[in-house]
Amino acid sequence: MTIYDISEKAGVSIATVSRVLNGSNNVSEKTKRKVLDVMNQYGYTPNAFARGLGLNTMKTIGLMCADSSDLYMAKAIYFVEQLLRANGYDSILCCTGYNLDNMKKSMNLLISKKVDAIILIGSTYISEKDEDNKYITDAALQVPVMMLNGTLSAPNVYGILSDDYTAIYNATLYLLDSGVKDILYFHDSYSFSSKRKMAGYRAAMESHGVFKSKYIQYYPGSHEDIPAMAKHLTKLTRQGLTFQGIITANDTLAMGAAKYARTAGLCIPADLSIIGYNNSLLTSICEPELTSIDNKLETLCGHLIQTLMDVLGGKDMPKETIFATELVKRGTSK
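Residues numbered from 1 in each chain as written. Predicted model: local features only at pLDDT ≥ 70, side-chain atom pairs only at ≥ 80, totals over all residues. Heavy atoms only, no water.

J.: Can you help me understand the overall build of the chain in this one?
T.: On a plain count of helices and strands, the chain comes out with twelve helices and twelve strands. Principal-axis analysis of the C-alpha atoms places the extent of the chain at approximately 85 × 40 × 30 Å. Across the 334 residues that make up the chain, the buried fraction comes to 49%. For the chain, restricting intrachain contacts to residue pairs at least 6 apart in sequence, the fraction spanning at least 24 positions comes to 72%. Accessible area for the chain stands at about 15,900 Å²; split by element, carbon and sulfur atoms hold 49% of it. Of the side-chain charges in the chain, 34 are positive and 33 negative, and the distance between the mean point of each set is 2 Å. (Helix = DSSP H or I, 4+ residues; strand = E, 2+ residues; numbered from the N terminus. Buried < 20%, exposed > 50% of the residue type's maximum accessible area, 1.4 Å probe, protein only. Contact = heavy atoms within 4.5 Å. Areas by Shrake-Rupley, 256 points an atom, 1.4 Å probe, with all protein chains shown as cover. Lys, Arg positive; Asp, Glu negative; His and termini not counted. Charge placed at Lys NZ, Arg CZ, Asp CG, Glu CD.)

J.: Explain the sheet that holds strand E9 (residues 273–277) to me, please; I cannot follow it from the model alone.
T.: By way of backbone hydrogen bonds, the strands of a sheet pair with one another, either parallel or antiparallel. Taken in spatial order, the six strands line up as E7-E6-E8-E9-E10-E12 in an open sheet, and their pairing is mixed. Looking along the sheet, the strands with just one partner apiece sit at the ends: strand E7 (216–218) and strand E12 (326–328). Neighbour to neighbour, the strand axes of the sheet diverge by 20 degrees on average, direction disregarded. Both strand E10 (residues 291–294) and E12 contribute to a ladder of three bridges, which runs antiparallel. Counted as the bridge partner of aspartate 294 is glutamate 326 from E12. Packed onto the sheet, helix H8 (residues 164–177) meets strand E6 (183–187), strand E8 (245–248), E9, E10 and E12 and runs at close to 170 degrees relative to E9. Running at roughly 160 degrees to E9, helix H11 (residues 251–264) makes contact with E6, E8, E9 and E10 of the sheet. (Pairing = 2+ DSSP bridges. Axes fitted to C-alpha atoms, helices over the stretch in contact; angles between N-to-C directions.)

J.: Can you help me understand the environment of serine 68 in this one?
T.: Position of serine 68 among the secondary structure elements: in the loop between strand E1 (60–65) and helix H5 (71–86). Looking at serine 68, the relative accessible area reads 35%, which means it is partly exposed. For the pair serine 68 and isoleucine 121, spaced 53 residues apart in sequence, the C-alpha separation works out to 9.7 Å.

J.: I'm lost on helix H6 (residues 100–112) in this one. Help?
T.: The periodicity of an α-helix, 3.6 residues per turn, causes residues three or four places apart in sequence to face the same way. Compared with an ideal rise of 1.5 Å per residue, which puts 13 residues at 18 Å, H6 spans 18 Å between its outermost C-alpha atoms and is within 8% of the ideal. Of the positions making up H6, those classed as buried are Met103, Ser106, Met107, Leu110 and Ile111. One face of H6 carries all of its buried residues, which in axial projection span an arc of 135 degrees. Set apart from the buried face of H6 by more than 90 degrees, the exposed residues are Lys105 and Asn108. Contacts from the buried residues of H6 go to E1, strand E2 (90–95), strand E3 (117–121) and helix H7 (134–139). Of the residues flanking the start of H6, the one acting as N-cap is asparagine 99, its side-chain oxygen 2.9 Å from the backbone nitrogen of aspartate 101. The positive-phi residue at the C-terminal boundary of H6 is lysine 114, with phi of around 60 degrees. (Expected span 1.5 Å × (residues − 1). Arc of directions from axis to C-beta. Polar contact = N/O pair within 3.5 Å; in protein donor to acceptor, adjacent residues only side chain to side chain.)

Below is the structure:
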């Protein structure tokens, strides 16, 4: 059954049926009831895509994340979907992985679905090469593109991010001021966010004249393999690298550091201080509990969705908004 059939059986014009489907107030309650009764009688379900074309909106937002099993991204997806639903929007999620071609394919897929906007969750989508960002800027010519913890200078692209640089800078100073001199920065990616964190660590160490490049260490394995993280740190110590503090790019790496300490017979924080990042649920399962940087993820997601709603409403919004973080001190630091 089509709207033409509904029109004929209800004895009203096609335009009237369209107004009822679109929720227009320019239809009397009597006429509206007549149309709805026919729809119910014949089990008519309006096609969402067709309605979207008529309304110039699908009331649907495309989401892209690299890996939904990552604690940070999973929590962000939860916040974003809840907030979208509260604002009357559905979502389509694409887990792209870290391959650029797959990212492009997912972006094209979402555009083909006629979504109203696209949200990129995580900073892995930002590349230093302009040509690798072109698929984002091209998409932004059609719909608003929102970046959670990323930023890109381009029309119709909006970045909402935490101040990763200052967060790690201050955390490093905190350990230095507590008497810890040999501090390792332990990371597992070269994303936009990770590079800002790394720069903050380096600046703080240089401010005390103790920076050494060997203390920036990359872990290449799975983000779910905490024993492998511990083994990686054990391998570093066997190679002669000594350290009394570890600052990690995320809380999972911090769990690897804590496991390494237990294996090595080190006392936390007397022998080894550890600071994580994201202030996730992992902070409470560590013994002692983990000192971690709260990146205010829920606040970021809330501001991102509010900015998106304002953009879709035609308002002129800031292209970049940066939020301060908070170092939550617990038992793994002095």
